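Residues per chain, in single letters:
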Amino acid sequence: HRHRDKGRNIVEMRPILLKGHDGPLTCVKYNRDGDLLFTTCRRGRVCMWYSDDGERIGTYNGGSGAAMYVDVSFGSDKLATASMDQCARLWEVETGQELRKWEMGTGVRCVSIATGDKRVAVLADPWGDEPSTIKIFDTSANEKPVQVLKMDPGVRVNRALWGPLNRQLITCTENGGVLSWDPDAGECTHERDDHEANVPDITFSLDQMTFISASTDQSAILYDTTTVEPIKTYKADRPINSAAISPLMDHVIIGGGQSADKVTTTAGRSGKFQSLFFHKIFENEIGSIKGHFGPINSIMCNPDGRSFTTGGEDGYVRIHHFDPEYFSLE
């Protein structure tokens, strides 16, 4: 079904609604094969689902604070989680057994498993005089970090993700910065301030050659990973919390909406909680998909490009499988 709305295509797909969380979603993540979906929420639960039909496989129990981020290894055998109970954990995906626990002494905002699954980068929040800190741990060895990167003081860093071949770590900050770090030297190699406000999320393309930043300044920017130069900018009419790059089509999907404290005064439509589709090259909006009753906090495309998932402030996860007609869009 389609209707014309202000000259835009709105493709109406039947999403699969997943209700396994009792709080706002913080992260949705597919594994490399795209058959498993991992979700985290502010009430601390980490869930695993089958991505094709939304059947829940199980939960990872052990953390007590808000679960902020999740990353899964290349072979889908290990799972890293970041939690506000001041711990990062490494789990066995199949059994739910906790393999490792790294205590950081402050809330953990992000985890990223390096290519090869030998190292994990853990991003801890600032606390007292300590700035945001990235600690890199060996997954098999002792509890001591093999490298510590101190971020700029006074600025919270939201994400720290491994780049291609583990040659860099890409971070984004609450004051609009996007930075690239040399993980071995521990030095910042590139710094960009193209955004004017908080950058809550960055997401890589499937080949990691580009990544997209989402910002509450109502824009998303596509960057070249190696040079950290902006390539394209996508402007919306709402704060953006997350964005994803389609691996199959020349599309980017962005989501956000009015912040949670202003939502009580708006209906689902005027709060602007739809997922927006933009053409990756021409930067124009080509469609939207409505559904959530609160801001979208996390978006990810399935690695096969045939579906995508959103997690919202309303506690719902929605898996959208594209109709065949979507693939014939220009």
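Counting from 1, residues in each chain are numbered in the order their sequence is written. Restriction of local features to residues with pLDDT of at least 70 applies here, the model being predicted, together with a cutoff of 80 or more for giving and counting side-chain atom pairs; totals for whole chains, interfaces and linings are based on all residues. As a rule here, side-chain values cover all heavy atoms of the structure and leave hydrogens and water aside.

A. Inspection of the pairing of strand β26 (residues 275-279) at higher detail. Of all 5 residues making up β26, 5 are buried, and the element is well covered by its neighbours. Think of it in three bands: with a 1.4 Å probe and only protein chains considered, a residue is buried below 20% of the maximum accessible area for its type, exposed above 50%, and partly exposed in between. A run of H or I in DSSP becomes a helix once it reaches four residues, and a run of E becomes a strand once it reaches two; helices and strands are each numbered from the N terminus. The alternating pattern of β26 places S275, F277 and H279 on one face and L276 and F278 on the opposite face, and all of these are buried. Two strands pair if DSSP finds at least two bridges between them. Bridge count for strand β25 (residues 251-256) against β26 is 5 bridges, and the pairing is antiparallel. Paired with I254 across the strands is L276, a residue of β26. Inspection of the sheet shows β26 paired to strand β27 (residues 285-289) by 4 bridges, in the antiparallel sense. Paired with F278 across the bridge in β27 is E285. In textbook terms, the turn of a hairpin is the stretch between consecutive antiparallel strands, and for β26 and β27 this stretch comprises 5 residues, one of which, E283, has a positive phi near 65 degrees.

B. Fine view of the state of the cysteines. Two cysteine sulfurs form a disulfide in these notes if their separation is within 2.5 Å. Tallying each qualifying case throughout the model produces 0 disulfides. Lacking any disulfide linkage, C172 is separated from the closest cysteine sulfur, that of C110, by 8.1 Å. The exposure class of C172 is buried, given its relative accessible area of 0%. Summary of cysteine pairing: C188 is not part of a disulfide, and the nearest cysteine sulfur, belonging to C172, is at 13 Å. A relative accessible area of 34% places C188 in the partly exposed class.

C. Representation of the sheet that holds strand β11 (residues 98-103) in the model. The strand order across the open sheet formed by 4 strands is β8-β9-β10-β11, and the pairing between neighbours is antiparallel. Of all the strands in the sheet, just β8 (67-72) and β11 have a single pairing partner and so form its edges. With strand direction ignored, the average angle separating the axes of adjacent strands in the sheet is 15 degrees. Each axis is a line fitted through C-alpha atoms, and for a helix only the stretch in contact is used; angles between axes span 0 to 180 degrees, taken between their N-to-C directions.

D. Inspection of the sheet that holds strand β12 (residues 108-113) at higher detail. Taken together, 4 strands build an open sheet; the order of strands is β12-β13-β14-β15 and the sheet is antiparallel. At either end of the open sheet lies a strand with only one pairing partner, and these are β12 and β15 (147-150). Ignoring strand direction, the axes of neighbouring strands in this sheet form an average angle of 15 degrees. Sheet analysis places strand β14 (residues 133-138) next to β15, joined by 4 bridges and oriented antiparallel. The partner of K135 across the bridge, within β15, is V148.

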